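# Inside the fold
Single-letter residue listing:
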Amino acid sequence: MAGGCSGETAKHVAESFKASDLIITPATTFKEKPDPNGLVFGTVFTDNMLTIEWSLASGWEKPYIKPLENLSLHPASSSLHYAIELFEGMKAYRGVDGKIRLFRPTLNMDRMARSARRATLPCFDQNELLECIRKLVEVEKEWVPYSTAASLYIRPTLIGTEPSLGVKKPTKALLYVIMSPVGPYFASGSFNPISLWADPKYVRAWKGGTGDCKLGGNYGSSIYAQQEALELGCQQVLWLYGEDHQITEVGTMNLFLYWINEDGEDELATPPLDGIILPGVTRQSILDLARNWGEFKVSERYITMSDLTAALEENRVKEMFGAGTACIVCPISKILYKGKHLHIPTMENGPQLTTRFLNKLSDIQYGREDSDWAVLVS
């Protein structure tokens, strides 16, 4: 079965829902679609949602597409007390040809199944969920912005709804998908570089933890450090790990460094997936593209702050950027570390490589370039 979950359930229990059982009772009143240029991330939602209930006793119920509504939860629900929940982030894009595409959605489904295992939430067939999501996007197709600077953000969510204060694997869960039109990540529409605060006193993730899964607890616990970064005049946190101050992630993004490495080679480097790094879809896509180009060394390797500071002193750093679904790529121009502002020369160098990744990926997403990474919705 897709997702490869342990078969703990008896055969009469539905091990997965089926997209063919989908019951669609869409909204009959419609909200006004917002102007794609004035959107604030994740504040406006489409008219409909997908919901699928699960219980240990009967397995998965039939999937429903129905009007967006508030959830009704028991006050002891395990997601509210013990953060037994997870989510995904993906987008639907309206191409220059008018067709709607998803970008490498099977990678999101794979990651969601891995997060579910780690959170002791029920397994499901990833292909069936993807087909349900495709149907939801089809129902809401007018919500996909008519713009190549905007998209429809899709938020699949899986929460424990166990009505008990026992700290245990839930016997009830709810999978739902909500969607929100989002504008360009950079308000000006141009590339604005960000400044980072690097301080080892806060840690995003640790070995044996849940940093490689998309669990809400990873994000909620990062907000305090983010507030401190803002107070210090920086926009995001550069998360460090270990005594040697390994560079791991930037804000909620994966991190890339394009530099001349210790051996004098042009290298694109990003931290390895060792359990503390989220396996981002954009991260994987950048690695795949760069390896396919074959123009410079591409490495998944450890980079410490002392590696970076030495390279800056020797003028070996070319570009540094974050990568994620929200912005695709985000250039980095400054790092505050041990009371000193380190200048990263990303913008002075074009940024050639950062811009090339941005253009290549958005060309695929908006149908300017054919690719098997783009999955047609309609």
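Placed above this text is the structure.
Conventions and cut-offs
- Residues numbered from 1 in each chain as written.
- Predicted model: local features only at pLDDT ≥ 70, side-chain atom pairs only at ≥ 80, totals over all residues.
- Heavy atoms only, no water.
- Phe/Tyr/Trp six-rings, centres within 6.5 Å; stacked < 30°, edge-to-face > 60°.
- Helix = DSSP H or I, 4+ residues; strand = E, 2+ residues; numbered from the N terminus.
- Lys NZ or Arg CZ within 6 Å of the ring centre and 35° of its normal.
- 1 Å grid on protein atoms, 1.4 Å probe; cavity = no way out; pocket = protein on both sides within 12 Å on 5 of 7 lines; lining within 4 Å.
- Points joined across faces, edges and corners; volume = space filled by probe spheres on them.
- Core = buried A, V, L, I, M, F, W, Y, C linked by side-chain atoms within 4.5 Å.
- Buried < 20%, exposed > 50% of the residue type's maximum accessible area, 1.4 Å probe, protein only.
- Pairing = 2+ DSSP bridges.

### Comments concerning the packing of aromatic side chains
On inspection of all chains with the given rule, the structure shows 12 aromatic pairs. Between tyrosine 258 and phenylalanine 296, the ring centres sit 5.2 Å apart and the planes meet at 55 degrees, which makes this aromatic pair tilted. Within this pair, whereas tyrosine 258 is found in strand β13 (residues 253–260), its partner phenylalanine 296 is found in the loop between α6 (281–293) and β15 (297–300), the two being separated by 38 residues in sequence. By the ring-pair criterion, three or more aromatic residues cluster together here, those being Phe256, Trp293, Phe321 and Phe357. The positively charged end of arginine 94 is found above the aromatic ring belonging to tyrosine 146, 3.7 Å away from the centroid.

### A short note on the layout of surface pockets
What the largest pocket holds in volume is close to 750 Å³. Lining the largest pocket are 33 residues, and of these Phe41, Tyr185, Thr252, Thr325 and Ala326 lie nearest its centre. Put simply, the parts of the chain that give the lining of the largest pocket at least two residues each are β8 (151–160), β13, α6 and β16 (317–324).

### Notes on the nonpolar core
Core analysis: the biggest nonpolar cluster contains 38 residues, and Leu50, Leu129, Val137, Ile154, Leu158 and Leu175 have the highest contact counts within it. Where this core is concerned, the elements lending two or more residues are β2 (48–55), β6 (90–94), β7 (100–103), α2 (105–118), α3 (126–139), β8 and β9 (172–182). Broken down by element, the residue count for this core peaks at 6 residues, all from α3.

### Section: the pairing of strand β12 (residues 246–250)
The buried fraction of β12 amounts to 5 of the 5 residues, a majority that puts the element mostly inside the structure. Across 4 bridges, the pairing between strand β11 (residues 236–241) and β12 is antiparallel. Of the residues in β12, the one forming a bridge with tyrosine 241 is glutamine 246. Here β11 folds back onto β12, and the loop between the two strands holds 4 residues, one of which, glycine 242, carries a positive phi near 85 degrees. Here 2 bridges tie β12 to β13, and the two strands are oriented antiparallel to one another. Within β13, the residue paired with glutamate 249 across the bridge is asparagine 254. Linkage of β12 to β13, two consecutive antiparallel strands, is achieved through a turn of 2 residues, within which glycine 251 is found at a positive phi near 60 degrees.

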